[in-house]
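Structural characterization, general
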Amino acid sequence: MDLGAFDALATSYAGVRRRATEGDLRWQCRGRLVARRLDDDHVVVRVPFDVRDVLLRTAPAVFSVPSRFTKHMMVVADLTADGADDAVADAVESAWRHTGEDLPEVEPAETTDTVSRGGAR
């Protein structure tokens, strides 16, 4: 997965918007952080501690927690690691759901390409 694929994944969820300010790329939903870019190969995803523990256990090649994030609900994802696609997708979904846990639940936005499916243009 590259940063472009990560952007497409993150913004496929309802309400998630990419923000870019002074070289800082971040994805937010309802004003809450979902993820932010650390560099071209790494993003930090905001997930609950219990989810972070599961991600670290099930995909240790993809996820890590640097000491500066130990006390925060954050996990670093290596987008270039083997198995990153599915693992990162799980993390982003969890982050998205966490942003709205006190709000009515909404489903991920549907993405359709009507031209390639032969539909109306």
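Everything that follows concerns the structure shown earlier in this document.
Attention in this report is confined to the structure presented alongside it.

About the cut-offs
Residues numbered from 1 in each chain as written. Predicted model: local features only at pLDDT ≥ 70, side-chain atom pairs only at ≥ 80, totals over all residues. Heavy atoms only, no water. Helix = DSSP H or I, 4+ residues; strand = E, 2+ residues; numbered from the N terminus. Buried < 20%, exposed > 50% of the residue type's maximum accessible area, 1.4 Å probe, protein only. Contact = heavy atoms within 4.5 Å. Salt bridge = Lys/Arg side-chain N within 4 Å of Asp/Glu carboxyl O. Phe/Tyr/Trp six-rings, centres within 6.5 Å; stacked < 30°, edge-to-face > 60°.

Brief notes about the overall build of the protein chain
A tally of helices and strands in the protein chain yields 3 helices and 6 strands. Along the protein chain, from the amino end to the carboxyl end, the secondary structure elements read α-β-β-β-β-α-β-β-α. Considering the protein chain as a whole, with its 121 residues, one finds that 36% of them fall into the buried category. Taking as baseline every contact in the protein chain between residues at least 6 positions apart, the subset at least 24 positions apart corresponds to 52%.

Observations regarding the pattern of salt bridges
With the rule as written, the count across this model stands at 4 salt bridges. Between R18 and D7 there is a salt bridge; the shortest N-O distance is 2.9 Å. Here R18 is found in strand β1 (residues 16-21), whereas its partner D7 is found in helix α1 (residues 3-10), with 11 residues between them in sequence. Overall, R18 belongs to the partly exposed group, its relative accessible area being 47%. Judged by relative accessible area, which is 17%, D7 ranks as buried. For R37, the salt bridge goes to D40, with nearest N and O atoms at 3.4 Å. You can call R37 partly exposed: its relative accessible area is 23%. On the basis of relative accessibility, which here comes to 55%, the residue D40 falls in the exposed class.

Some thoughts on the packing of aromatic side chains
Under the counting rule described, the total for this entry stands at 2 aromatic pairs. Taking 4.9 Å as the distance between ring centres and 80 degrees as the angle between the ring planes, the aromatic pair formed by F6 and W27 counts as edge-to-face. Residue F6 is located in helix α1, and its partner W27 is located in strand β2 (residues 24-29); the two are separated by 21 residues in the primary sequence. Overall, F6 belongs to the buried group, its relative accessible area being 0%. Considering the side-chain rings of Y13 and W96, the 5.0 Å spacing of their centres and the 40 degrees angle between planes classify their relative orientation as tilted. Residue Y13 is located in the loop between α1 and β1, and its partner W96 is located in helix α3 (residues 84-99); the two are separated by 83 residues in the primary sequence. Each member of the pair, Y13 as well as W96, is classed as buried.

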